[in-house]
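# Coordinate analysis (summary)
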Amino acid sequence: MAERSFKAEVERLKAGEGEVFEGEGILAVTKALLQSGVAYVGGYQGSPISHLMDVFADASELMAGLGVHFESSASEATAAAMLAASVNYPLRGAVAWKSVVGTNVASDALSNVASGGVTGGALIIVGEDYGEGSSIMQERTHAFAMKSQMWLIDPRPSLPLLVDMVEHGFALSEASNTPVMLELRVRACHMTGSFIARDNRRPPLTVAEAAQSPHRDTSRIVLPPANFQHEVEKIEKRWPAGIKYVQDHKLNEHFGTTHDDIGIIVQGGLFNSLNRALELIGLSDAYGNAALPVYVLNVAYPLIPDEVQAFCAGKSAVLIVEEGQPEFIEHELNTLVRRADLNTRIAGKDMLPRSGEYTADVIRQGVAKFLRAHAPSRAPEELPAPAPALPASAVPQRPAGFCTGCPERPIFSAMKLVQKEIGELHVSADIGCHLFSILPPFHIGNTTMGYGLGTAGASAFKPEGKRAVAIMGDGGFWHNGLTSGIGNAVFNQDDNLTIIVDNGYSAATGGQDILSSKATTPQRSTNNPIEKAARGVGITWAKTRTRTYDVAGMRDAIHDALTSPEKGPKVLVAQSECQLNRQRRIKPQIAKAIKSGQRVVRERFGVDPDTCTGDHSCIRLSGCPSLTIRANPDPLRQDPVAHVENSCVGCGVCGEVSHAAVLCPSFYKAQIISNPNRADRIRQRLRGWVIGALQRRAARKLAARAF
Amino acid sequence: MSTSGRISIAVLGLGGQGGGVLADWIVQLGANNGFVTQGTSVPGVAQRTGATVYYVEMIPKTGTAQPLLALMPVPGDVDIVVASELMEAGRAILRGFVTDKTVLIGSTHRVYAIDEKSAMGDGRASGERIITAAKERARRFIGFDMDAAADRAGSVISSVMFGALAASGALPFPRAAFEAAIVAGGKAIEPNLRGFAAGFDAASRASETPRQARVDRAATTAAGLALQVRVDVKLPRAAHSFAIEGVRRLMDYQDADYADLYLTRLESLSGSADLVTEAARHLALWMSYEDTIRVADLKVRETRFARVREEVKAGDDQIVQLIEYMHPRLEEVCETLPATIGRRILASDRLSGLLGRFFTKGRHVETTSLRWYLTLSLLAAGRRWRRSTLRYQTEQARIQAWLDMVRTAEPDVALELVKCQRLIKGYGDTFERGLDNFNRIVARYRAGGLTAAAIAGLREAALADENGEALEVALAG
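Since the structure is predicted, the reported quantities are computational estimates derived from the model, not experimental observations. (Residues numbered from 1 in each chain as written. Chains lettered and ligands numbered in written order. Predicted model: local features only at pLDDT ≥ 70, side-chain atom pairs only at ≥ 80, totals over all residues. Heavy atoms only, no water.)

### Observations regarding the overall build of chain A
- On a plain count of helices and strands, chain A comes out with 24 helices and 24 strands.
- On the principal axes, the C-alpha backbone points of chain A span a range of 100 × 65 × 60 Å.
- When burial is assessed residue by residue, chain A has 61% of its 707 residues classed as buried.
- Considering only contacts within chain A whose residues lie at least 6 apart along the sequence, 78% involve residues at least 24 apart.
- Surface accessibility of chain A: about 27,000 Å² in total, with carbon and sulfur atoms responsible for 55%.
- Counting 73 positive and 72 negative side-chain charges, chain A places the averaged centre of each group 11 Å from the other. (Helix = DSSP H or I, 4+ residues; strand = E, 2+ residues; numbered from the N terminus. Buried < 20%, exposed > 50% of the residue type's maximum accessible area, 1.4 Å probe, protein only. Contact = heavy atoms within 4.5 Å. Areas by Shrake-Rupley, 256 points an atom, 1.4 Å probe, with all protein chains shown as cover. Lys, Arg positive; Asp, Glu negative; His and termini not counted. Charge placed at Lys NZ, Arg CZ, Asp CG, Glu CD.)

Next up, the structure:
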């Protein structure tokens with residue numbers, strides 16, 4: 001079960017012809033797929049596309065009803081390979097993932113499907129995770145489109161256009177026998193808006209029907225001599241067909257005036273930001289009526305030579321607003337302009353920053369610079385930047401971190417304690433929430449090489465004395481870590497320790513189920529233990545700890561693994577349910593139980609301010625958001641005291657940490673019993689009498705000797 | 001608002017604070033009241049406790065032309081900023097979202113960032129600076145503790161912010177339209193409306209909840225009165241507040257005689273008012289060192305039980321049980337024994353080894369159970385023979401040595417030496433680390449040639465990291 005449920009929204013996907021559909025970008029995409037007669041859908045979760053996968057999953061019943069096959073793929077490679085169904089059969093298929101990391105994983109299959117080409121429309125929906133909030137490396141999907149020759153749609157942020165582009169994407173793919181990538185920028189996925197719906201369409205051919213009557217064409221397989229033929233096909237047949245489709249259907253758009261000495265070419269996804277920038281300069285309005293010609297590349301690859309030539313002809317300079325690097329479009333524009341023998345100056349990265357997100361403010365400055373160089377009369381006045389109201393240091397950084405009660409935190413608390421005993425460790429980190437270990441307060445982790453690659457990242461370290469430690473999440477383990485990490489370590493006789501964080505979900509991407517998830521769902525097979533799989537590929541030293549919150553136990557297990565005389569790769573599975581998902585699961589249950597009069601014990605932690613001395617060792621070992629500080633109520637002490645907020649979920653790590661690290665007696669656990677039963681009440685009454693009497697006596701004595 | 005009537009709203013918050021819910025309400029509000037409205041957010045790990053921005057734009061519906069709405073706030077072009085925390089309001093200012101056209105609605109409570117929390121001393125950023133900048137930069141700043149308001153209303157901060165937004169009048173919709181959006185949202189309608197009303201009212205008043213003024217407590221006993229008179233007569237005025245607090249603390253900690261010793265020690269410091277004031281603070285803290293007797297005493301008090309009940313928000317019909325996480329080591333136990341016995345056990349490897357086995361594990365002590373309550377009460381009663389314990393003797397010797405050193409130092413140096421007591425705090429490993437740092441600084445001072453500024457620098461270095469690396473460098477330098 002995922003972090004966010006789209007069950008209610010999914011109902012709207014049934015909207016028919018003429019109805020107004022309101023919702024987010026990802027819902028619009030899903031609706032567009034259904035309207036396009038898609039036959040199969042797959043993908044792998046990851047921001048910003050996670051919620052699209054969740055929408056698919058929540059809509060799986062609706063899709064099944066339409067004869068559409070949906071599956072949550074094991075990895076992006078799996079998803080991309082699924083597109084094989086469109087090679088021989090006129091089946092429309094769509095897959096989705098986070099780019100560029102997912103595209104990296106998928107690229108083997110993508111190269112193959114792009115080489116052989118497709119019969120049915122193949123659409124690859126990528127969430128481009130670039131700019132603010134991004135958690136990955138700064139690369140462009142554009143490069144993949146170029147190298148494999150797949151078309152890249154980068155739609156202007158507008159739901160009606162997005163829906164059209166999905167349908168055109170399939171048609172373009174079929175017209176040119178080429179897979180098409182649809183790139184959604186981070187904020188476009190969650191952009192709200194509306195469009196006029198059309199009826200959902202059953203696929204003319206379902207995957208089941210296709211499997212019934214197999215069709216074979218070896219010329220579609222990448223093996224000599226077919227692979228050489230594919231290259232010729234790509235150049236001579238598919239490329240022109242693709243260009244013709246884009247041109248005929250006017251997928252790229254023009255805004256603003258038609259004749260001018262200058263103009264702007266922009267990636268579709270950046271158009272709204274560009275328009276806002278022009279508006280701020282006084283060259284456009286809220287409806288895109290620009291005072292100069294703007295050519296919007298809803299298809300970012302390939303460029304359409306005739307359109308480019310027509311746009312550039314007669315202009316002295318054209319600015320290309322292209323985010324990311326290298327500036328592939330700018331290079332191509334220069335080539336096209338040269339070939340057309342035009343005298344137009346292509347401006348781009350000389351006006352705009354070479355790196356970083358192109359926000360409206362950045363574009364505004366770039367356009368202003370362009371105008372000053374090529375149309376000075378229209379350039380805005382150069383104003384000095386206002387003095388900053390605050391120095392940057394006035395506002396503390398707030399990196400993402402482990403959630404309240406996260407079961408991964410105690411693993412790293414335990415590692416910190418182990419490091420105190422045996423010294424610093426080399427730690428090969430992995431992708432997932434556990435990567436937050438590299439941040440304060442843990443400072444654990446040396447490298448991260450990709451999803452599920454924690455163990456592989458430690459494989460060069462052949463220890464003599466001190467073993468290296470690799471971290472892997474359960475998501476990464478099933479994605480590829482079992483083979484590329486664990487299998488590899490067995491085969492090469494590693495002697496390192498791999499700690500596998502088994503929290504029951506693909507947690508970082510929003511809590512999707514995986515093979516080892518504890519939930520049972522009708523559509524999936526779960527409850528496949530990680531330790532069993534690791535032993536299956538030859539691990540002999542494998543342990544599973546079922547409660548990561550037991551910090552001392554975790555510490556001892558890690559210590560054991562690092563000091564055991566046994567040679568060979570070691571696997572420690574650290575299990576406890578992702579707290580974010582757990583809370584979502586149990587909160588309604590608890591509220592219901594309390595309401596119905598059942599006895600419920602809630603646990604939470606607290607700190608006694610009068611014994612806390614304000615050293616914050618506990619925070620440095622835990623880092624829980626609910627463990628914070630507040631002004632010291634003691635007028636003599638200066639340092640703030642530790643404090644547990646009511647958001648505490650009672651996981652117990654702070655207490656365990658203070659135990660294991662011999663910190664301080666300030667922590668207490670409060671058990672709050674709702675609807676106490678008879679035994680509780682009798683015990684409480686008895687305690688109340690005795691303790692109450694003693695406390696009153698003690699208070700009297702204290703008052704007598706008090707100030 | 002731009003000439004087109006477009007309104008741009010940025011919501012800055014932390015993952016998990018309900019910024020998304022608030023943004024959804026605003027989108028609903030606009031869409032249902034004749035505006036083309038668009039909202040966006042950044043999904044992903046930013047929402048795992050990190051800072052994140054939700055953004056909404058709305059523009060009056062006119063004809064068929066489709067407006068182009070931006071997907072993120074543009075510096076200098078944001079009409080309304082809603083920030084769910086004080087530093088996030090600061091971040092909005094820093095990013096240029098707050099200008100003289102902006103209505104800034106910000107909660108003044110703090111959610112501390114990890115660097116602020118994990119500092120060994122006080123790492124908190126200045127909130128005053130943000131509030132000053134907010135008042136300076138924004139067209140209007142509506143700031144109050146929305147977290148506390150949510151708490152009082154039994155609601156969440158997102159609904160309080162929505163209420164404040166309604167009250168600000170920055171959006172051209174009546175209150176009922178806002179409430180309709182909450183109802184349309186369909187989730188936790190009742191508490192959300194409560195929070196909304198609380199936010200609306202607080203923003204209409206738009207004033208800070210007054211801070212509680214600190215009251216110097218007057219003496220309640222004859223012994224207390226006598227000591228108070230002594231403070232008034234013998235100590236400089238500036239030191240009175242700390243000294244009274246010190247006397248109060250030590251009478252509570254031990255007895256009037258002990259407080260008497262405190263004042264005698266203070267009076268022996270013939271220095272500036274500054275020195276005596278700081279000494280009044282630090283001497284009281286040192287003399288009320290946390291031994292097992294003190295910890296037990298504080299844990300079993302009636303006032304503590306009441307405080308915990310309040311803190312965990314226990315209802316009258318709920319039972320609260322308390323479990324302490326205690327980890328007394330053999331050292332702490334021996335220190336509470338009479339000095340000769342304690343010293344003998346610690347000196348003997350055989351005895352330490354034998355007894356130490358009982359104190360290697362942390363204990364879960366249920367204070368609300370009769371057994372543990374009585375045990376802790378007995379331990380607390382050890383106050384009567386505290387003067388004979390090993391720890392008492394050790395600490396008094398340390399205090400004496402410290403005071404002797406202070407007495408013979410130059411005035412400015414003496415003040416810094418007094419302040420070094422701040423390093424000694426905590427329990428177990430933490431206490432030992434602090435004491436060790438203190439001793440190293442003192443040893444360096446005794447070796448000669450340290451100025452007051454140098455001592456202050458060493459003290460800061462000792463608080464810079466846990467492994468003593470900064471102090472090592474500073475001592476070497």
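The discussion continues.
### Observations concerning the pattern of salt bridges
- Enumeration according to the criterion identifies 83 salt bridges over all chains in this entry.
- Among the salt bridges present, the one from A:Arg338 reaches A:Asp341, with a minimum N-O distance of 3.2 Å. Side by side, A:Arg338 and A:Asp341 carry an identical accessibility label, which is exposed.
- Through salt bridges with shared partners, a single ionic network connects A:Arg276, A:Glu279, B:Arg6, B:Glu57, B:Asp77, B:Asp79 and B:Lys101. (Salt bridge = Lys/Arg side-chain N within 4 Å of Asp/Glu carboxyl O.)

### Regarding the sheet that holds strand β7 (residues 180–185) of chain A
Residues and elements named next belong to chain A.
- Spatially, the 7 strands line up as an open sheet ordered β3-β2-β4-β5-β7-β6-β12, and their pairing is mixed. Only two strands of the sheet have a single neighbouring strand rather than two, namely β3 (69–72) and β12 (299–301). Strand-to-strand twist across the sheet, computed as the mean angle between neighbouring axes with direction ignored, equals 20°.
- One ladder, built from 4 bridges, connects strand β2 (residues 40–43) with β3; its direction is parallel. Looking across to β3, one finds that Tyr40 is bridged to His69.
- With respect to the sheet, helix α9 (residues 159–176) is in contact with β4 (93–99), β5 (122–128), β6 (151–153) and β7, its orientation differing from that of β7 by roughly 160°. (Pairing = 2+ DSSP bridges. Axes fitted to C-alpha atoms, helices over the stretch in contact; angles between N-to-C directions.)

### What to know about the domain arrangement of chain B
- Domain annotation for chain B reports domain 1 (7–205), domain 2 (216–288), domain 3 (292–390) and domain 4 (409–477).
- The gap between the C-alpha centroids of domain 1 of chain B and domain 2 of chain B is 48 Å. (Domains from an automatic or database assignment.)

### Regarding the domain arrangement of chain A
- Segmenting chain A into domains produces domain 1 (17–248), domain 2 (254–378), domain 3 (409–581) and domain 4 (600–693).
- For domain 2 of chain A and domain 3 of chain A, the distance between their C-alpha centroids amounts to 48 Å.

### Some points on the interface of chain B and chain A
- Counting residues at the interface gives 133 residues for chain B, matched by 122 residues for chain A.
- A buried area of about 11,000 Å², summed over both sides, lies between chain B and chain A, and 56% of it is on carbon and sulfur atoms.
- One can count 17 salt bridges joining chain B with chain A.
- The biggest single contributor to the side of chain B that touches chain A is helix α10 (residues 240–253) of chain B, with 10 residues.
- Residues of the side of chain B that touches chain A, tallied by class, amount to 57 nonpolar, 32 polar and 44 charged.
- In this structure, strand β24 (residues 667–674) of chain A lies alongside strand β7 (residues 319–326) of chain B, joined through 6 bridges in antiparallel fashion. From the neighbouring strand, A:Ile672 faces β7(B), where its bridge partner is B:Val320. (Buried area = accessible area lost by both parts, 1.4 Å probe. Nonpolar A, V, L, I, M, F, W, Y, C, P; charged D, E, K, R; others polar.)

### Description of the environment of A:Ile363
Residue and element names in this part refer to chain A.
- For Ile363, the location among the structural elements is in helix α16 (residues 360–374).
- When the C-alpha positions of Ile363 and Val321 are compared, they lie 7.7 Å apart, and in sequence the two are 42 residues distant.
- Not counting the four nearest positions on each side in its chain, Ile363 is found in contact with Leu270, Ser273, Leu274, Ala277, Val321, Leu352 and Tyr358.

### Details of the packing of aromatic side chains
- For the structure shown, the criterion picks out 26 aromatic pairs over all chains.
- Pairing A:Phe605 with B:Tyr325 gives two aromatic rings, centres 5.4 Å apart and planes at 50°, and the pair type is tilted. In this pair, A:Phe605 sits in strand β21 (residues 600–607) while B:Tyr325 sits in strand β7, so the two residues belong to two different chains.
- You can call B:Tyr325 buried: its relative accessible area is 3%.
- Among the aromatic side chains, those forming a connected cluster through ring pairs are B:Trp25, B:Phe162, B:Phe178, B:Phe196 and B:Phe200.
- The residue whose ring lies beneath B:Arg391 is B:Phe431, and the NZ or CZ to ring-centre distance is 4.9 Å. (Phe/Tyr/Trp six-rings, centres within 6.5 Å; stacked < 30°, edge-to-face > 60°. Lys NZ or Arg CZ within 6 Å of the ring centre and 35° of its normal.)

### As for the UniProt feature "domain: DUF6537" (unreviewed entry) in chain B
- Those places that UniProt annotates as "domain: DUF6537" (unreviewed entry) correspond, in this numbering, to residues 242–443 of chain B.
- Between the C-alpha atoms that bound residues 242–443 of chain B there is a distance of 28 Å. The span itself is 68% helix and 6% strand. (UniProt positions renumbered as here; feature names shortened; annotations may be inferred.)

### Side note on the packing of helix α16 (residues 339–347) of chain B against helix α17 (residues 349–356) of chain B
Residue and element names in this part refer to chain B.
- Across the interface, α16 lies against α17 with an axial gap of 5 Å and an inter-helix angle of 95°. Comparing the axis directions of α16 and α17 gives the class roughly perpendicular. Between α16 and α17, the contacting residues are Ile345, Leu346 and Ala347 on the first element and Asp349, Leu351, Ser352 and Leu355 on the second. (Parallel < 35°, antiparallel > 145°, perpendicular 65-115°, else oblique.)

### Here's the deal with the nonpolar core
- A:Leu33 and A:Ile125 are the most contacted members of the largest nonpolar core, which has 97 residues in total.
- The leading source of residues in this core is α9(A), at 9 residues.
- Built from parts of two domains, this core gets at least three residues from each of domain 1 (17–248) and domain 2 (254–378) of chain A.
- Ignoring sequence-local partners within four residues, the contact set of A:Ile125 consists of A:Val29, A:Leu33, A:Ile49, A:Leu52, A:Ala94, A:Val95, A:Ala96, A:Trp97, A:Leu182 and A:Leu184.
- Counting 61 residues, the second-largest nonpolar core is a separate cluster that includes B:Trp402, B:Leu417, B:Leu423 and B:Leu471. (Core = buried A, V, L, I, M, F, W, Y, C linked by side-chain atoms within 4.5 Å.)

### Some thoughts on helix α13 (residues 292–299) of chain B
- Counting buried positions over the 8 residues of α13(B) gives 7, a clear majority of the element.
- Turning to α13(B), its buried residues number three or more, namely B:Ile293, B:Arg294, B:Val295, B:Ala296, B:Asp297, B:Leu298 and B:Lys299.

### So, helix α18 (residues 474–491) of chain A
- For α18(A), with 18 residues, the first-to-last C-alpha span of 21 Å runs short of the 26 Å given by 1.5 Å per residue.
- Helix geometry: α18(A) is bent most strongly at A:Gly481, by close to 90°. (Expected span 1.5 Å × (residues − 1). Bend = angle between axes of the 7 residues up to and from the residue.)

### Here we look at the side chain of A:Asn632
Residues and elements named next belong to chain A.
- Relative to the helices and strands, Asn632 resides in the loop between β22 (627–630) and β23 (641–644).
- In this structure the side chain of Asn632 is engaged in a polar contact, spanning 3.0 Å, whose partner is the backbone nitrogen of Asp634.
- Here the side chain of Asn632 touches Asp639 through a polar contact of 2.9 Å, landing on its backbone oxygen. (Polar contact = N/O pair within 3.5 Å; in protein donor to acceptor, adjacent residues only side chain to side chain.)

### Looking at the sheet that holds strand β18 (residues 497–502) of chain A
All names here are of chain A.
- The strand order across the open sheet formed by 6 strands is β16-β15-β17-β18-β20-β19, and the pairing between neighbours is parallel. In the strand order of this sheet, the two ends are held by β16 (447–448) and β19 (541–545), each with one partner.
- Summarising the sheet, strand β15 (residues 427–429) and strand β17 (residues 469–473) pair through 2 bridges and their orientation is parallel. From the neighbouring strand, Ser428 faces β17, where its bridge partner is Ala470.

### Observations regarding unusual backbone geometry
- The residue after A:Ser47, namely A:Pro48, is reached through a cis peptide bond having omega 5°.
- Positionally, A:Pro48 belongs in the loop between β2 and α3 (50–58).
- Going from A:Pro224 to A:Pro225, the amide bond is cis rather than trans, its omega being 5°.
- Within the secondary structure layout, A:Pro225 lies in the loop between α11 (207–212) and α12 (226–248).
- Phi is positive for A:His616, which is not a glycine, with a value near 70°.
- Note on placement: A:His616 falls in the loop between β21 and α22 (617–622).
- The residue B:Ala188 is not glycine, and still its phi comes out positive at about 45°.

### Some details on the confidence of the model for chain B
- Across chain B, the average pLDDT comes to 91, with 95% of residues at 70 or higher.
- Confidence drops under pLDDT 50 across residues 208–213 of chain B; counting only partners more than four residues distant or on other chains, this segment forms 5 contacts. (pLDDT = per-residue confidence, 0-100.)

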